Amino acid sequence: MKNTYIKIISGICVMPLLTACGDHAETVKSADVFAMDTYMNIKAYGRDAEAAVAESEARIYELEQMFSVTNEASDIWSINHGEGQPVTVSEDTVSVLQTAQTMHKESSGALCISLYPVLCAWGFTTGEYRVPTDNEIAKLLKNADDTLISVKDQTARCPENMQIDLGAVAKGYTGDEIMEIMQAHHINSAIINLGGNVQTLGGKPDGSAWTVGITDPFAPDSLIGTVSVTDKAVITSGNYERYFTGEDGVRYWHILDPADGCPADNGLVSVTVIGACGAECDALSTALFVEGTEQALQHWRKSGGFEMILVTSDGELLLTEGIAADYTAKKEMPYRVVQRDDES
Ligand code: AMP
Ligand code: MG
C-alpha cells in the first residue's frame, strides 16, 4: 500500500431513465473512486441512487481508514504497533479478521495475513521492488503465523514482531458493505467494481443478468470470457495484477506462498471465485491461488457455496460445473468443466 492514498472522485453522472411504467423517473448514478490503492466504480439504478452512491463512497473511505496498513489512525496500524497487547478495534475489523482466520484454517494456511513484512521485503508495499535473499525471507517468515493472532470481543492482538495486512480480504468486505447500503436505499440493481473485484445486486434494470469480463492473465488488456451473474460477487486473484520482472528476467508477483515467502507458483495464473459473499470470495481467491490447481479443486469439492474459473500456467481453463453454463468464451483455449463428483 502506498503511504498516502490519492482520493479522486470523477465521472459522476446522474441520468434519468424511464421505468417500465413510464411515469416514474428512475436515475442511474455512477461514481469513480480511488481508494485502497485501486480504482473503483459504483453504479446504482433507482430513485434513491444518488444517496446510495454518496453513502457508499463515504463508507469506502471510512473502511480504507480502518484497514490501511500505513495510516497511523487505522485499526491495523494499532494492532501492528500494539507491542503484543490487545487493542480495541471496530466491528468491521473484527469481522474481516474472523473471515481471515476461518480461511486460514480452511486453506491449510495458504491465506496468511501475517506475511506483511515479507511483502515489504519484496517491495510490493512501496513499488521499490527487489528480490530478497533466502536468508532474509527465512528470518521474516519466523514471525508469520496467523494462528497467533487473537480476536476477542472488540479487541485484537498480534505478537510483538508480527505485522498483518488485509489486502487479500478488505475489498471483498467493502463490497458487501456497499451492497447493504444499496439495499437499505431500496436499490434493486447495482454493480460495483473495486479494482477488479466485481459485485452485483440483482440484475440489470431490464431484469437480465450482468455480464462480467474475466481478464486474460496472458494478455491483461483483453478477456478470456465473460460470466452472467445476478446477486453475486466475481472476484479474481491473478499474477498479472501486480508484479515486477527481476534482473534475472523472472516475473515476481504480489501473492506470496507462506510455505517459502516467494510468489505462489503452484500451477495457477488466475483464480476467479463466484459466490454470494464478497469477503469470503476475496479471501478464497487469494487462498486458492496459493493452494494451486489440485488443492483448489479439492477445496471446492469439499466446501460448496462458490464456483471457480481457474486459468493454469500452461494455458488451460477450468470451469466448475455450477458456472460453466453462465460462461461465454472470448478466447480460444483448451478448457475442462470440473464436476463435483469427478476426482480426475
Ligand atoms: P488479492 O488481490 O485479493 O489476491 O490480494 C493480494 C494481496 O494480499 C497482496 O497484495 C498482499 O497485500 C496480500 N497477500 C499476498 N499473499 C498473501 C497470502 N498468501 N495470504 C494473505 N494475503 C496475501
Ligand atoms: Mg483476495
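Overview of the structure. The shown structure was predicted, so the numbers you read here are calculated from the model rather than taken from an experiment. (Residues numbered from 1 in each chain as written. Chains lettered and ligands numbered in written order. Predicted model: local features only at pLDDT ≥ 70, side-chain atom pairs only at ≥ 80, totals over all residues. Heavy atoms only, no water.)

Description of the site of ligand 1
The condition is simple: By convention in this text, a residue qualifies as near a molecule or strand provided that one of its non-hydrogen atoms is within 4 Å of it. Under this definition, polar contacts are N or O atom pairs within 3.5 Å; protein pairs additionally need one hydrogen-donor-capable and one acceptor-capable atom, and for neighbouring residues in sequence, both atoms have to be side-chain atoms. Each accessible area is a Shrake-Rupley estimate made with a 1.4 Å probe; only the visible protein chains count as cover when residues are assessed. Strands are runs of DSSP state E lasting at least two residues, helices are runs of H or I lasting at least four, and both sets are numbered from the N terminus onward. In this classification, the charged set is Asp, Glu, Lys and Arg, the nonpolar set is Ala, Val, Leu, Ile, Met, Phe, Trp, Tyr, Cys and Pro, and all remaining amino acids, among them Gly, are polar.
Residues in close proximity to ligand 1 total 16 residues, the closest being C112, S237, L256, D282 and T286. The separation between an oxygen atom of ligand 1 and a polar main-chain atom of A168 is 3.3 Å. The contact in question runs from a nitrogen atom of ligand 1 to an N or O atom on the backbone of L256, over 2.8 Å. Considering ligand 1 on its own, with 500 Å² of exposed area, one finds that the protein chains cover 92% of that surface. Ranked by residue count, the leading element in the shell around ligand 1 is helix α7 (residues 278–291), at three residues. A breakdown of the residues in the shell around ligand 1 according to their chemical character gives nine nonpolar, four polar and three charged.

Re the packing of aromatic side chains
Stated precisely, the cut-off is as follows: Side-chain rings of Phe, Tyr and Trp, where Trp is taken by its six-membered ring, are said to pair if the distance between their centres is within 6.5 Å; with planes under 30 degrees apart they count as stacked, over 60 as edge-to-face, and otherwise as tilted. By definition, being over a ring means that NZ of Lys or CZ of Arg is both within 6 Å of the ring centre and within 35 degrees of the ring normal.
Summed over all chains, the structure comprises ten aromatic pairs. Where Y129 meets F244, the ring centres are 4.8 Å apart and the plane angle is 5°; that geometry is what we call stacked. Within this pair, whereas Y129 is found in the loop between α4 (116–122) and α5 (134–141), its partner F244 is found in strand β12 (residues 243–245), the two being separated by 115 residues in sequence. Here the aromatic cluster, defined as three or more aromatic residues joined through ring pairs, consists of W122, F124, Y129, F244 and Y252. Positioned above the aromatic ring of Y243 is the side chain of R251, whose terminal nitrogen or guanidinium carbon lies 3.8 Å from the ring centre.

Examining helix α8 (residues 293–303)
Quick reminder: α-helices carry 3.6 residues per turn. Residues three or four places apart thus point the same way. Rules: Buried means the residue's accessible area, taken with a 1.4 Å probe over protein chains only, is under 20% of the maximum for its type, while exposed means over 50%, and partly exposed covers the values in between.
Listed as buried for α8 are T293, A296, L297, H299, W300 and R301. One or two positions beyond α8, positive phi appears at G304, with a value near 70°.

Observations regarding the sheet that holds strand β4 (residues 87–88)
Using the following cut-off: At least two DSSP bridges between two strands are needed for those strands to be called paired. Working rule for contacts: check all heavy atoms of both residues, and any pair within 4.5 Å makes them a contact. Axis definition: a line fit to C-alpha positions, over the contact stretch in the case of helices; interaxial angles, taken between N-to-C directions, run 0 to 180 degrees.
Read across the open sheet, the three strands follow the order β4-β6-β5; overall the sheet is antiparallel. Edge positions in the sheet fall to β4 and β5 (150–152), since each has one partner strand and no second. The sheet strands contacting helix α3 (residues 91–106) are β5 and β6 (155–157), and the helix crosses β5 at an angle near 135°.

Description of the side chain of H299
Its place among the elements puts H299 in helix α8. In this structure H299 comes out as buried when scored by relative accessible area, which is 2%.

Describing the side chain of T272
The topology assignment puts T272 in strand β16 (residues 268–275). Only 2.8 Å separates the side chain of T272 from the side chain of T236, close enough to count as a polar contact. Setting aside chain neighbours within four positions, we find T272 in contact with I214, V234, I235, T236, E307, M308 and I309.

A word on the pattern of salt bridges
Put simply, the rule is: Each reported salt bridge corresponds to a side-chain nitrogen of Lys or Arg within 4 Å of a carboxyl oxygen of Asp or Glu.
In total, this model carries seven salt bridges according to the counting rule given. In this structure, R130 and E136 form a salt bridge, with 2.9 Å as the shortest nitrogen-oxygen distance. Since its relative accessible area comes to 38%, R130 is described here as partly exposed. Look at E136 and you get partly exposed, because its relative accessible area is 25%. Its salt-bridge partner being D216, residue K331 comes within 2.8 Å of it at the nearest N-O pair. Separated by 115 residues along the polypeptide, K331 in the loop between β19 (327–329) and β20 (335–338) and D216 in the loop between β9 (210–215) and β10 (223–229) bring together distant segments of the chain. On the accessibility criterion, D216 (3% relative accessible area) is buried. Salt bridges linked by common partners bring R59, E62, D92 and E177 together as one network.

A closer look at helix α1 (residues 49–67)
To keep things clear, this is the line we draw: Residue count minus one, scaled by 1.5 Å, sets the expected span of a helix.
Relative to the 27 Å expected for 19 residues at 1.5 Å per residue, α1 spans 26 Å between its end C-alpha atoms, a close match to the ideal helical length. For α1, the set of buried residues is A49, A52, V53, S56, E57, R59, I60, Y61, L63, E64, M66 and F67.

Observations regarding the nonpolar core
Going by this rule: Put simply, buried Ala, Val, Leu, Ile, Met, Phe, Trp, Tyr and Cys residues joined by side-chain atoms within 4.5 Å make one nonpolar core.
Formed by 72 residues in total, the largest nonpolar core has its most connected members in F67, I79 and M182. Setting aside its immediate chain neighbours within four residues, M182 contacts I42, A44, A52, V53, S56, I187, A190 and L201. By size, the runner-up hydrophobic cluster in this structure holds 20 residues, among which are Y45, I191, V269 and L319.

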